[in-house]
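Examining the three-dimensional arrangement
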Number of protein chains: 2
Amino acid sequence: MNIGEIARRAGVSRSTVSVALSGKRPVSEETRRKIQRVIDELGYRPNASARALANGRTNTIGLVFPPAGNHYTGMQLDFIGSVVEAAAAHDYDVLLSPSGVDSDRSFQRMLGERRVDGAILMEIRLEDDRVDHLAALGFPSVAIGRTAHPEGTWWVGLDHTALAAACVHHLADLGHRRVAFVNRPEQLLRAGYESAHRGLDGFTKAAAERGLTVRTYCCGDDAASGQACLEQILLDDPATTALVTLNEAALGGLYRGLAQAGRHVPRDFSVTGVVAGRWAETVTPQLTAADVPAEEMGRHAVDLLVERIDQPDAPPRHHLLAPPISLRASTGPGTGTPSTETR
Amino acid sequence: MNIGEIARRAGVSRSTVSVALSGKRPVSEETRRKIQRVIDELGYRPNASARALANGRTNTIGLVFPPAGNHYTGMQLDFIGSVVEAAAAHDYDVLLSPSGVDSDRSFQRMLGERRVDGAILMEIRLEDDRVDHLAALGFPSVAIGRTAHPEGTWWVGLDHTALAAACVHHLADLGHRRVAFVNRPEQLLRAGYESAHRGLDGFTKAAAERGLTVRTYCCGDDAASGQACLEQILLDDPATTALVTLNEAALGGLYRGLAQAGRHVPRDFSVTGVVAGRWAETVTPQLTAADVPAEEMGRHAVDLLVERIDQPDAPPRHHLLAPPISLRASTGPGTGTPSTETR
DNA sequence: CAGCACTATCGAACCGGTTCGACAACGCTC
DNA sequence: GAGCGTTGTCGAACCGGTTCGATAGTGCTG
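Residues numbered from 1 in each chain as written. Chains lettered and ligands numbered in written order. Predicted model: local features only at pLDDT ≥ 70, side-chain atom pairs only at ≥ 80, totals over all residues. Heavy atoms only, no water.

**Re the interface of chain A and chain B**
Facing the 49 residues of chain A at the interface are 48 residues of chain B. Carbon and sulfur atoms make up 55% of the area that chain A and chain B hide from each other, which totals about 4500 Å². Per-residue buried area on chain A facing chain B is highest for Arg45(A), Leu77(A) and Arg256(A); these three make up 14% of the total on that side. Across the contact surface, chain A and chain B share 8 salt bridges. Counting across the interface, chain A meets chain B through 20 residue pairs in polar contact (both at pLDDT 80 or more). Contributions of two or more residues to the side of chain A that touches chain B are made by helix 4 (48-55), strand 1 (60-65), helix 5 (74-89), strand 2 (93-98), helix 6 (103-112), helix 12 (251-260) and helix 13 (277-280) of chain A. For the side of chain A that touches chain B, the element with the most residues is helix 5 of chain A, which contributes 7 residues. Partitioning the side of chain A that touches chain B into residue classes produces 21 nonpolar, 16 polar and 12 charged. Here 3 bridges tie strand 2 of chain A to strand 2 (residues 93-98) of chain B, and the two strands are oriented antiparallel to one another. (Contact = heavy atoms within 4.5 Å. Buried area = accessible area lost by both parts, 1.4 Å probe. Salt bridge = Lys/Arg side-chain N within 4 Å of Asp/Glu carboxyl O. Polar contact = N/O pair within 3.5 Å; in protein donor to acceptor, adjacent residues only side chain to side chain. Helix = DSSP H or I, 4+ residues; strand = E, 2+ residues; numbered from the N terminus. Nonpolar A, V, L, I, M, F, W, Y, C, P; charged D, E, K, R; others polar. Pairing = 2+ DSSP bridges.)

**Some points on the sheet that holds strand 5 (residues 155-158) of chain B**
Across the sheet, which stays open at both edges, the 12 strands sit in the order 11(A)-5(A)-4(A)-3(A)-1(A)-2(A)-2(B)-1(B)-3(B)-4(B)-5(B)-11(B) with mixed pairing between neighbours. Among the strands making up the open sheet, the edge pair consists of strand 11 (318-321) of chain A together with strand 11 (318-321) of chain B. Sheet twist, expressed as the mean angle between neighbouring strand axes with direction ignored, is 15°. Taken strand by strand, helix 7 (residues 129-137) of chain A contacts strand 1, strand 3 (118-121) and strand 4 (141-144) of chain A, and its axis lies near 160° from that of strand 3 of chain A. Where helix 5 (residues 74-89) of chain B meets the sheet, it contacts strand 1 and strand 2 of chain A together with strand 1 (60-65), strand 2, strand 3 (118-121) and strand 4 (141-144) of chain B, and its direction lies at approximately 170° from that of strand 1 of chain B. (Axes fitted to C-alpha atoms, helices over the stretch in contact; angles between N-to-C directions.)

**What about the protein's contact with DNA strand C?**
Residues in contact with DNA strand C amount to 27 residues; listed here are only the nearest, Ser13(A), Thr16(A), Thr31(A), Ile3(B) and Ser18(B). Sugar and phosphate atoms form 51% of the subset of DNA strand C atoms that lie within 4 Å of the protein. At 3.0 Å, a side-chain N or O of Tyr44(B) approaches a sugar or linking oxygen of DNA strand C. Top element by residues in the surface near DNA strand C is helix 4 (residues 48-55) of chain B. It accounts for 4 residues. Here the surface near DNA strand C is composed, by residue class, of 11 nonpolar, 10 polar and 6 charged. (Near = heavy atom within 4 Å.)

**With respect to the environment of Thr284(A)**
In this structure, Thr284(A) sits in the loop between helix 13 and strand 10 (288-292). Overall, the relative accessible area of 33% leaves Thr284(A) in the partly exposed class. Put simply, Thr284(A) and Ala88(A) are 196 residues apart on the chain and 36 Å apart in space, counted from C-alpha to C-alpha. Contact partners of Thr284(A), with chain neighbours within four places excluded, come to Tyr255(A), Gly252(B) and Arg256(B). Side chain to side chain, Thr284(A) and Arg256(B) meet in a polar contact 3.4 Å long. (Buried < 20%, exposed > 50% of the residue type's maximum accessible area, 1.4 Å probe, protein only.)

**Comments concerning the packing of aromatic side chains**
Note on aromatic pairs: each is described by the distance of the centres and the angle between the planes. Under the criterion given, the structure shown has 3 aromatic pairs over all chains. Ring plane angle 40° and centroid distance 5.4 Å describe the contact between Trp279(A) and Trp279(B), whose orientation is recorded as tilted. Remark: Trp279(B) occurs in helix 13 (residues 277-280) and Trp279(A) occurs in helix 13; the pair is interchain, linking two chains. A single burial state applies to Trp279(A) and to Trp279(B), both of which are buried. (Phe/Tyr/Trp six-rings, centres within 6.5 Å; stacked < 30°, edge-to-face > 60°.)

**Quick word on the state of the cysteines**
The term disulfide refers to a covalent linkage connecting the sulfur atoms of a pair of cysteines. All names here are of chain B. Within the structure shown, the criterion is met by 0 disulfides over all chains. Cysteine Cys218 shares no disulfide, and the gap to the nearest cysteine sulfur, in Cys229, comes to 8.6 Å. Its relative accessible area of 31% is what places Cys218 among the partly exposed residues. Free of any disulfide, Cys219 has its nearest cysteine sulfur in Cys229, 4.4 Å distant. Among the residues examined, Cys219 registers a relative accessible area of 2% and is labelled buried. (Disulfide = S-S within 2.5 Å.)

**Section: unusual backbone geometry**
The peptide bond linking Thr284(A) to Pro285(A) adopts the cis configuration, its omega dihedral lying at -5°. The step from Val265(B) to Pro266(B) runs through a cis peptide bond, and the omega angle for that step is 5°. Counting through the fold element by element, Pro266(B) comes out in the loop between helix 12 (251-260) and strand 9 (270-276). Within the chain, Asp91(B) stands out as a residue other than glycine whose phi angle is a positive 70°. With respect to the helices and strands, the residue Asp91(B) is situated in the loop between helix 5 and strand 2. You can call Asp91(B) partly exposed: its relative accessible area is 34%.

**Let's talk about helix 3 (residues 29-42) of chain A**
When the terminal C-alpha atoms of helix 3 of chain A are compared, their 20 Å separation across 14 residues agrees well with the 20 Å that a helix rising 1.5 Å per residue should span. Just beyond helix 3 of chain A, the residue with positive phi is Gly43(A), at close to 60°. (Expected span 1.5 Å × (residues − 1).)

**Thoughts on the protein's contact with DNA strand D**
If you check the shell around DNA strand D, you find 27 residues, and the closest are Ile3(A), Arg14(A), Ser18(A), Thr16(B) and Thr31(B). The sugar-phosphate backbone supplies 50% of the atoms of DNA strand D found within 4 Å of the protein. Between DNA strand D and Tyr44(A) there is a distance of 3.0 Å, counted from a sugar or linking oxygen to a side-chain nitrogen or oxygen. Arg25(B) places a polar side-chain atom, nitrogen or oxygen, 3.0 Å from a base oxygen of DNA strand D.

**Regarding the pairing of strand 3 of chain A**
Residue and element names in this part refer to chain A. Residue alternation in strand 3 divides its side chains into two sets, Gly118 and Ile120 and Ala119 and Leu121, and both sets are buried. Here 4 bridges tie strand 1 to strand 3, and the two strands are oriented parallel to one another. Bridged to Gly62 within strand 3 is Ala119. Sheet topology places strand 3 next to strand 4; 3 bridges connect them, and they run parallel. Pairing of Leu121 across the sheet is with Ala143, part of strand 4. At this point the chain moves from strand 3, through helix 7, to the parallel strand 4, and the crossover so formed is right-handed. (Right-handed = clockwise from strand over helix to strand, strands pointing away.)

**Here we look at the sheet that holds strand 9 (residues 270-276) of chain A**
Residue and element names in this part refer to chain A. The mixed open sheet is built from 6 strands, whose spatial order is 7-6-8-9-10-12. If you trace the sheet from one side to the other, it starts and ends with strand 7 (213-218) and strand 12 (325-326), each paired once. Pairing analysis gives 4 bridges linking strand 8 (residues 242-245) to strand 9, with the strands arranged parallel. Looking at strand 9, one finds that Thr245 is bridged to Gly273. Sheet strands in contact with helix 8 (residues 160-173) are strand 6 (178-183), strand 8, strand 9, strand 10 and strand 12, and its direction is about 155° off that of strand 9.

This is the structure we're talking about:
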């Protein structure tokens, strides 16, 4: 069923059907009803490809997300879900693009072949050629995270510097003096991932400010790595009494490592960090953490992107979020002399 | 840049450019090189909408996934990731469609407006009108899960009946006599979700076969519900020594509930169930479970769907997976008289 | 009732590709 | 050297919409 068939059955021209549907020109009430009746009868829906071809809009946004190689975290899942919902509210679909090994290929598909009207980029790096590339093209896009030079670009970000610092201050206030930092995997840090860098930065500066003794670690995105990382921490400095982590996927492993070393949380050891709230609540004791507002970030990103698509010349906008630390049950007073009994 | 511009600069007709690109007719080597040079120079890529309109194929598959309302589980995340990768390997994009409150709306968008060549349906119900609808339309689709009458349809499923039964046998072999079953939320069970029903079925039958005393529970998809559910289990029958769960999101809460009731896992209480392997390893002790092969399911689903798109008249195919139980650390001998000390 | 404005509709052109029949140029056979 | 098949290219039609200038019909004004 195409628009010509509808027109024939309603006894009008194709353009009249088009106009009746779009409302861009006046159509008599009688004609409109006649057309509507035929449409309802046949269950007609205009072909998206044809429409996209004619008016240069696909009504689809691209979501460029990290390859499955790095494991997904709960935060990313929540984010994807909220993007899809927010997009639906604006009448947009979401096309997924793995920015994997040959990120160029899928990038070319989405942009070069004009499959999408705009794109949301996840897992931003401080120096990100994708952002630069899109900026040069003037292609509507919103980055999740901010590059080293975010001026003139559109983005929604988490203030990892401030959040990591807040974690440090929280621990310092509790009396902890020897604190470890558990970052994302080394390869991501080396690749320049924004959250890993700014988080490390915020941690290091705040720790220096408070005169803490610190060690920083990179840790794979899985439980086994978390456990190994924790063993290393206690090996390097058994007097460590707390840690801050950005690594959601390693959290379960960190907890396991602590349990096996006989350190009770929070009595002997405090744990905090930056983690999506829903996932902070799955561990026992529940994690005191800066809750990543994935849902809010998704909504903001879509809102900004749609705004930018609608008005290509609007001045750049952004949102920098810094949620407060949610006090749960994984941090407590630091004694300076942790009990070291093994079970 | 469109195909006409390329043709003009290469001094040939539009059809020659098209043919040179598709290779569907012979083109002289010289002409081909001339065209290729111009294309490389200008970075031309054919417009996806125009191509889709012309040959009736969008090269996109739709992934109909559950609304954000039900919390996402790690398994779903892994699944989505693998679908995207497998699709990319077949040169397909993936369009996400929330099958939310007004599932019809997004369904209509994807199918009615021909945005996709085929669809993968998640969260199947025993009686699923979406599956029936698509079958009636003859629209290529693959269901993740099988309906009550899967004959004649394409699907990839997990044998929840067998898996739940395997969990029961594992526990019975260890000597457990009083076992609880923790299912997905009640609203999902009532709505007829396949995994919830078949899992419950397999559990109940196997338990009867082994003469176990059982109670079954529905539990919300979050840690707090898991904790509450566990309290209820011990309240209803303090002599319970083991549980089987399908509810990945509640797992952390179940563990917390056990810890707070002073039941040590696996010494006093055994836990097992059907959970994605990666997530079974995040809890301590690591969960002995039938590992949901989300990655494999995603690959299979895409392979089947692409096959069906390419040959619309092929006979229905399916994959029923029943991974073995991975022995980890959360189950142990059932004493019949559990210790009930509180800490 | 001529002139005008306004409303409703039509037809043609266009978006950017693909497909296919027509045809020219060429080499081969008999 | 007439007849034939092959190869390479072109032009027109088509996919299913949207847009816009042209035009017919209507009611109002002076």
